[in-house]
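The primary structure of each chain is shown beneath.
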Amino acid sequence: MTGRVLPYDVHGSGPHRALVLHNWFGDRTSFDPLRAELDDGAGSYAFLDCRGYGEAIDADGAYTMEEVAADALAVADELGWDAFSVIGHSMGGKAAQLMLLDAPERVRSIVGISPVSAAGFPLDAETWELFAGAAEDHGRRRAIIDNTTGGRYGDDWLGGLVERSVRRSSPAAFRAYLDSWSRTDFHERVRDNPAPVLLVVGAHDPALGKEAMEATWLRWYPNARLEVLPDAGHYAPEETPKALADAIEGFLAG
């Protein structure tokens, strides 16, 4: 699959290069609080919008993880980056693994922030209805965000994430990506992959927290390690950006 160059921007000018892939509910602006905490001299971070999100909201596509991976590699090509790490938040973590499979000689390491595993994220019938219906029902989006952050936030914070999600993603792309990140399974292809992996999860994330990582990523990547952020749920880039930045920079410098 050949990717296209989607809207992106590079933050920092340091030697540690990383492509950064956003989550299901947010375009690349969801990383703005994290950017403010990153050391500009230590890393060069290319933040991009997936098709159907942000500045690429009108970009047609299949809206799959395979497509996200190909598009991200096209950005790396345009930047002239021969080698780099990939940082993926939630569904972005699943696409990061496909980049590793597609270009193992280029992807140095992966940082997964509450990342979906290569096996996807199985949902029972009731939860599937909640997630699938969230494409059109803003209340369902709010319920999902509230649940995956441990019910710790008020209307202003939850409403802000929902509003951005609705404004900066197309319903068609939002709905289509769900099938790809939740239902496709390629974990046998990543089993025993030697790439260095950092998993950063929130202690208040009931969906993709410590137990989920132990059942998936940590079984399949022998060089993976886990860091749990005590004050975060599923949205560490916005909940605890300083702690996340410290974890990322420590790993990339190692």
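Procedures and definitions
- Every chain begins its residue count from 1, and numbering advances along the sequence as written.
- Given that the model is predicted, a residue must reach a pLDDT of at least 70 before its local features are reported, and side-chain atom pairs must reach 80 or more before they are shown or counted; all residues, however, enter totals for whole chains, interfaces and linings.
- To obtain the side-chain values, all non-hydrogen atoms of the structure were used and water was disregarded.
- A pair is scored as a salt bridge if a Lys or Arg side-chain nitrogen falls within 4 Å of a carboxyl oxygen belonging to Asp or Glu.
- A helix here means a DSSP run of H or I that spans at least four residues, while a strand means a run of E at least two residues long, and both kinds are numbered starting from the N terminus.
- Partly exposed residues are those whose accessible area sits between 20% and 50% of the maximum for their type, while under 20% is buried and over 50% is exposed, using a 1.4 Å probe and protein chains only.
- Any pair of N or O atoms that falls within 3.5 Å is considered a polar contact. Within protein, one atom must be able to donate a hydrogen and the other to accept it, and sequence-neighbouring residues count only if both atoms are side-chain atoms.
- Contact between two residues is taken to exist if any of their heavy atoms lie within 4.5 Å; hydrogens are not considered.
- Two strands are counted as paired when DSSP detects at least two bridges linking them.
- The path from the first strand over the helix to the second decides the hand: if it runs clockwise while the strands point away from the viewer, the crossover is right-handed.
- Residue types Ala, Val, Leu, Ile, Met, Phe, Trp, Tyr and Cys, when buried and joined through side-chain atoms within 4.5 Å, form a set referred to as a nonpolar core.
- One less than the residue count of a helix, multiplied by 1.5 Å, gives the span that helix is expected to have.
- Angular values range over 0 to 180 degrees, each being the angle between N-to-C directions of two axes fitted as lines to C-alpha atoms, with helices fitted over their stretch in contact.

Trainee: Help me understand the pattern of salt bridges in this model?
Mentor: Summed over the entire model, instances satisfying the criterion amount to 18 salt bridges. Two residues, Arg168 and Asp27, come together in a salt bridge whose shortest N-O distance is 2.3 Å. Taken as a pair, Arg168 in the loop between helix 6 (155–167) and helix 7 (171–183) and Asp27 in the loop between strand 2 (16–21) and helix 1 (32–35) lie far apart in primary sequence, 141 residues in all. Residue Asp27 is classed as buried on the basis of its relative accessible area, which comes to 1%. Here Lys242 makes a salt bridge to Asp246, at a shortest N to O gap of 2.9 Å. With Lys242 and Asp246 both in helix 12 (residues 241–253) and 4 residues apart, the pair spans about one turn of that helix.

Trainee: Sorry, what's going on with the side chain of Gln97 here?
Mentor: Along the chain, Gln97 falls in helix 3 (residues 91–102). Side-chain polar atoms of Gln97 contact the backbone oxygen of Gly93, separated by 3.2 Å. Sequence-distant contacts of Gln97, that is, excluding residues within four places in its chain, are made with Ile110, Val116, Ser117, Ala118, Phe186, Val190, Trp217 and Tyr221.

Trainee: I keep staring at the pairing of strand 5 (residues 107–113) and nothing clicks. Help me out?
Mentor: One face of the sheet, then the other: side chains in a regular strand alternate in exactly this way. Among the 7 residues of strand 5, 6 are classified as buried, and the element is accordingly described as predominantly covered. The pairing of strand 4 (residues 84–89) with strand 5 spans 5 bridges and is classified as parallel. By the bridge assignment, Phe84 is partnered in strand 5 with Val107. Taking the sense of rotation as the criterion, the β-α-β connection linking strand 4, helix 3 and strand 5 turns out right-handed. The sheet contact formed by strand 5 and strand 6 (residues 197–202) spans 4 bridges and is parallel. Paired with Ile113 across the two strands is Val200, which belongs to strand 6.

Trainee: So what exactly am I meant to see when it comes to the nonpolar core here?
Mentor: Grouped burial of nonpolar side chains is what soluble globular proteins tend to show. Core analysis: the biggest nonpolar cluster contains 60 residues, and Leu19, Trp24, Phe84, Met99, Tyr177 and Trp181 have the highest contact counts within it. The residues touching Trp181, leaving out its near neighbours within four places in the chain, are Trp24, Met65, Met91, Lys94, Val116, Gly120, Phe121 and Phe131. Counting 21 residues, the second-largest nonpolar core is a separate cluster that includes Val111, Ile113, Ala232 and Ala245.

Trainee: Sorry, what's going on with helix 3 here?
Mentor: Given 3.6 residues per helical turn, the α-helix brings residues three or four places apart onto the same face. If you check helix 3, its first and last C-alpha atoms are 17 Å apart, about what 12 residues at 1.5 Å a residue would give, namely 16 Å. Across the 12 residues of helix 3, 10 count as buried, placing the element largely inside the fold. Every buried residue of helix 3 is listed here: Met91, Gly92, Gly93, Lys94, Ala95, Ala96, Gln97, Leu98, Met99 and Leu100.

Trainee: Which parts of the structure should I look at to understand the sheet that holds strand 7 (residues 224–229)?
Mentor: Sheet strands pair by backbone hydrogen bonding; their relative direction is either parallel or antiparallel. Pairing within the open sheet is mixed, and its 7 strands lie in the order 1-3-2-4-5-6-7. This sheet does not close on itself; its edge strands, each paired only once, are strand 1 (8–11) and strand 7. Along the sheet, successive strands turn relative to each other by an average axial angle of 20°, direction set aside. Contacts from helix 2 (residues 65–79) reach strand 1, strand 2, strand 3 (43–48) and strand 4, with the element oriented near 145° to strand 2.

Trainee: Sorry if this is basic, but what is going on with the pairing of strand 3 here?
Mentor: Along strand 3, 6 of the 6 residues are buried, which leaves the element largely enclosed by surrounding structure. On strand 3, burial covers both faces: Gly43, Tyr45 and Phe47 on one face and Ser44, Ala46 and Leu48 on the other are all buried. Here strand 1 runs beside strand 3; their pairing, made up of 4 bridges, is antiparallel. If you follow Tyr8 over to strand 3, its bridge partner there is Leu48. Alignment of strand 2 against strand 3, held across 6 bridges, turns out to be parallel. Its bridge partner being in strand 3, Arg17 is matched across the sheet by Ser44.

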